[in-house]
Amino acid sequence: MAGETALPIQETPDFLQDITWSGAIAEDIADGYFYYCERDTVVDAVHVITDTADNNATVDVKKGAGGTSVLSSVITTAAADTTYSGTMSTSENLVPAGTWLHLDFSNVDTATGVVVQARIRTTIR
């Protein structure tokens, strides 16, 4: 059977989806790639969990490398296996088309693994 021709992004329907990143964070990570926004995208929620308690570790989601955070403050993890929810910045959570979302992990002392989940949509209200 022959392959299928890919649709251009402007012809695909709007979507609402969850995206996740999991990995080792034995040290600070600045500007790790998370998600490419092919069109204007709204970040509605961000959740984080770590496998080891780390009172100092923080997670941030930014528009572009070194860019503006989509959160009103970084997410601080303190207890292992606890889900932390970020507070969205309603003035910054609209991400322009063509922008990469980046993850920043700072002040990592004891955490060794993390999962970051974000809920995004392309329907702008």
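A quick note: this is a predicted structure, and the numbers were derived from the prediction, not measured.

The rules behind each value
Residues numbered from 1 in each chain as written. Predicted model: local features only at pLDDT ≥ 70, side-chain atom pairs only at ≥ 80, totals over all residues. Heavy atoms only, no water. Helix = DSSP H or I, 4+ residues; strand = E, 2+ residues; numbered from the N terminus. Buried < 20%, exposed > 50% of the residue type's maximum accessible area, 1.4 Å probe, protein only. Contact = heavy atoms within 4.5 Å. Salt bridge = Lys/Arg side-chain N within 4 Å of Asp/Glu carboxyl O. Pairing = 2+ DSSP bridges.

**Student:** Honestly, the overall build of the protein chain in this entry has me stumped. Any pointers?
**Tutor:** Tallying secondary structure elements over the protein chain gives 0 helices and 10 strands in all. Along its sequence from the N terminus, the protein chain presents helices and strands in the succession β-β-β-β-β-β-β-β-β-β. Overall size of the protein chain, expressed as C-alpha extent along the three principal axes, is 50 × 40 × 25 Å. Across the 125 residues that make up the protein chain, the buried fraction comes to 39%. For the protein chain, restricting intrachain contacts to residue pairs at least 6 apart in sequence, the fraction spanning at least 24 positions comes to 80%.

**Student:** Which parts of the structure should I look at to understand the pattern of salt bridges?
**Tutor:** For the coordinates displayed, the defined rule picks out 4 salt bridges. In this structure, the salt-bridge partner of Arg121 is Asp44, at a minimum N-O distance of 2.6 Å. Of this pair, Arg121 sits in strand β10 (residues 113-121) while Asp44 sits in strand β3 (residues 41-50); the two residues are 77 residues apart in sequence, bridging distant segments of the chain. You can call Arg121 buried: its relative accessible area is 14%. Across the pair Asp104 and Lys62 runs a salt bridge whose closest N-O atoms are separated by 2.8 Å. Of this pair, Asp104 sits in strand β9 (residues 99-106) while Lys62 sits in strand β4 (residues 58-63), and the two are 42 residues apart along the sequence. The burial state of Asp104 is the same as that of Lys62; both residues are buried.

**Student:** Looking at this structure, I do not really get unusual backbone geometry. What am I missing?
**Tutor:** Where the residue is not glycine, phi is negative for most of them; where a peptide bond is considered, it is trans in most cases. With phi around 60°, Asp31 is a residue other than glycine that occupies positive phi space. Take Asp31: it is sitting in strand β2 (residues 29-37). Residues other than glycine seldom take positive phi values, yet Asp81 does so here, at roughly 55°. Secondary-structure assignment places Asp81 in the loop between β6 (75-76) and β7 (84-85).

**Student:** Teacher, can you tell me more about the pairing of β3 here?
**Tutor:** Note on strand geometry: in a regular strand, side chains alternate between the two faces of the sheet. With 7 of 10 residues buried, β3 is to be regarded as a mostly interior element. In the sheet, β3 pairs with strand β8 (residues 94-95) via 2 bridges, with the strands oriented antiparallel. When the sheet's bridge partners are listed, Thr41 is paired in β8 with Val95. In this structure, β3 lies alongside β10, joined through 8 bridges in antiparallel fashion. Directly across from Val48, in β10, lies its bridge partner Val116. Bridge count between β3 and β7: 2 bridges; the pairing is antiparallel. The partner of His47 across the bridge, within β7, is Ser85.

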